Amino acid sequence: DAGTTYVALIPYLKGHDLTVYTHGTHHITELNKHGITTYLLSGLFKPKTYAAVGALTLKYLEDISFDIAFTGFNGYDKSFGFSTPDDKMLLLQTK
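Cut-offs used in this document
Residues numbered from 1 in each chain as written. Predicted model: local features only at pLDDT ≥ 70, side-chain atom pairs only at ≥ 80, totals over all residues. Heavy atoms only, no water. Helix = DSSP H or I, 4+ residues; strand = E, 2+ residues; numbered from the N terminus. Areas by Shrake-Rupley, 256 points an atom, 1.4 Å probe, with all protein chains shown as cover. pLDDT = per-residue confidence, 0-100. Polar contact = N/O pair within 3.5 Å; in protein donor to acceptor, adjacent residues only side chain to side chain. Phe/Tyr/Trp six-rings, centres within 6.5 Å; stacked < 30°, edge-to-face > 60°.

Looking now at the overall build of the protein. From N to C terminus, the protein includes four helices and six strands. Reading the secondary structure of the protein in the N-to-C direction produces α-β-α-β-β-β-α-β-β-α. As displayed, the protein offers around 6800 Å² of accessible surface, 56% of which is attributable to carbon and sulfur atoms.

Our next topic: the confidence of the model for the protein. Across the protein, the average pLDDT comes to 82, with 79% of residues at or above 70. Of all the helices and strands in the protein, helix H4 (residues 87–94) carries the lowest mean pLDDT, 54, while strand S2 (residues 37–40) carries the highest, 94.

A separate point is the side chain of His 23. Tracing the sequence through the fold places His 23 in the loop between strand S1 (19–22) and helix H2 (28–33). Polar side-chain contacts of His 23 include one of 2.8 Å to the backbone oxygen of Ala 52.

Looking now at the packing of aromatic side chains. A complete count under the given rule lists three aromatic pairs for this structure. A ring pair is formed by Tyr 21 and Tyr 39, whose centres lie 4.8 Å apart and whose planes are at 10°; its orientation type is stacked. Here the residue Tyr 21 occupies a position in strand S1, and Tyr 39 occupies one in strand S2, the gap between them amounting to 18 residues. Pairing Tyr 21 with Phe 66 gives two aromatic rings, centres 5.6 Å apart and planes at 80°, and the pair type is edge-to-face. You can see Tyr 21 sitting in strand S1 and its partner Phe 66 sitting in the loop between helix H3 (55–61) and strand S5 (75–77), a full 45 residues away along the chain.

What follows is the structure in structure tokens.
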């Protein structure tokens, strides 16, 4: 996910044998700082969230499988569940 919470997790990834795929452009500097192999997913750039979204991003994910994935959300309601106001982000998060 492209959320800012994930930037706080990055230092804890250091020293582990892993590869990170992100659509959050603001994650790149911190991942690089810790020497973490990183792929930046392409797509439509959202200036408000610094994330790539849309059909190109989804297409890129079609051929990748993950052992562990972190995804975020904008809201949570006990009855409704998780939510986001952006349909392109919703498609990406449910992929």
